[in-house]
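Spelled out, the chains give:
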Amino acid sequence: MRPLFIAGNWKMNPGTAEDAVALAEAIKVGVGQETRVRVALCPPSVFLQAVDGVLENSPIGLGGQNMHWKTDGAYTGELSGAMLVDSGCTHVILGHSERRHGLGETDHQVNDKLKAALAIQLIPIVCVGETLVEREAGKTDEVVGTQLENSLAEITAEQMCGIVLAYEPVWAIGTGKTATPAHAQHVHLFIRNLLRETFNAATAARVVVLYGGSVKPDNAADLLACPDIDGALVGGASLKASDFLGIIQAGQAVTAKGKA
Ligand code: 13P
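What comes next is a walk through the structure.

Rules and cut-offs
- Residues numbered from 1 in each chain as written.
- Predicted model: local features only at pLDDT ≥ 70, side-chain atom pairs only at ≥ 80, totals over all residues.
- Heavy atoms only, no water.
- Phe/Tyr/Trp six-rings, centres within 6.5 Å; stacked < 30°, edge-to-face > 60°.
- Helix = DSSP H or I, 4+ residues; strand = E, 2+ residues; numbered from the N terminus.
- Buried < 20%, exposed > 50% of the residue type's maximum accessible area, 1.4 Å probe, protein only.
- Lys NZ or Arg CZ within 6 Å of the ring centre and 35° of its normal.
- Pairing = 2+ DSSP bridges.
- Axes fitted to C-alpha atoms, helices over the stretch in contact; angles between N-to-C directions.
- Near = heavy atom within 4 Å.
- Polar contact = N/O pair within 3.5 Å; in protein donor to acceptor, adjacent residues only side chain to side chain.
- Nonpolar A, V, L, I, M, F, W, Y, C, P; charged D, E, K, R; others polar.
- Salt bridge = Lys/Arg side-chain N within 4 Å of Asp/Glu carboxyl O.

1. Section: the packing of aromatic side chains
All told, the structure shown has 1 aromatic pair when counted by the stated rule. Summarising the aromatic geometry, the rings of Tyr 167 and Tyr 211 are spaced 6.3 Å apart at their centres and angled 55° between planes, so their arrangement reads as tilted. Placement of Tyr 167 in strand S6 (residues 164–167) and of Tyr 211 in strand S7 (residues 209–212) is noted, with a sequence separation of 44 residues between them. Take Tyr 167: its relative accessible area is 0%, and that puts it in the buried class. The residue whose ring lies beneath Arg 135 is Trp 171, and the NZ or CZ to ring-centre distance is 4.5 Å.

2. Looking at the sheet that holds strand S3 (residues 61–64)
Pairing within the closed barrel is parallel, and its 8 strands lie in the order S1-S2-S3-S4-S5-S6-S7-S8. With direction set aside, neighbouring strand axes in the sheet form an average angle of 25°.

3. So, the site of the ligand
Around the ligand, the structure places Asn 9, Lys 11, His 96, Glu 168, Ala 172, Ile 173, Gly 174, Gly 213, Ser 214, Leu 233, Gly 235 and Gly 236. Measuring from an oxygen atom of the ligand, one finds a side-chain N or O atom of Asn 9 at 3.0 Å. Grouping the amino acids of the shell around the ligand by side-chain chemistry returns 3 nonpolar, 7 polar and 2 charged.

4. A word on the pattern of salt bridges
Scanning all chains against the criterion turns up 9 salt bridges. The salt bridge involving Arg 100 is made with Asp 107; its shortest N-O contact spans 2.5 Å. Each of the two residues, Arg 100 as well as Asp 107, counts as buried. Notably, a salt bridge pairs Arg 192 with Asp 230, separated by 2.7 Å at the nearest N-O pair. Linking Arg 192 in helix H9 (residues 181–198) with Asp 230 in the loop between helix H11 (217–224) and strand S8 (231–234), this pair joins segments that are 38 residues apart in sequence. Here Arg 192 matches Asp 230 in class, with each residue buried.

Set out below in structure tokens:
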């Protein structure tokens, strides 16, 4: 089945390389060689190499928070997938709502980035999610469905098995308002059904779908126990080692009870 996967999205934090190294070290010590729950850290790009150094001999993966779809060229301020790989990355977050809504990133761009990430063998974490206005208008499934359909255009079933999806309702990100396990499970099941219709049942059963949005140590167990929630993409709580480790421990407990 699908092993749980907990990824920390540090966003534009912490403020210094020293603090980034200290945070990664504390998480590395806490995780040890435990691999029942897979873990990855996604620091700001300027700290990737330093954090990669810390994560040597650790099962923890390293992810970028974004990349460009071109391999090189005159794209000021951008990073290529090859640069992420050279910095030690195994993963890359694509289409985060803070980029979609704050910076105008489109489904089409996410699709181009996805193809570029797969070409360089980075594991993409593709984010989707509805805004509060869309949720209140009853459009959650429609919005998430359209984002997925467009972001995953021209992807094969084989490629899809290597792509991680993250459902992050925009209204739950950084607000302290977590989706209830029932709401999150509803959308995750919707996503899995869509994967079955678009690809096939075997592919739908294999794709790891994370939940993101105010995941904390005290709500992680209930979310992670849902049958179609395969892990968490954690923002704020990934900046404090004890909180992030608490979420990983919740995942380990859920796994030990027989999930995955
Ligand atoms: P918070 O956990 O801070 O709500 O952020 C979620 C998120 O955006 C992870 O990518």
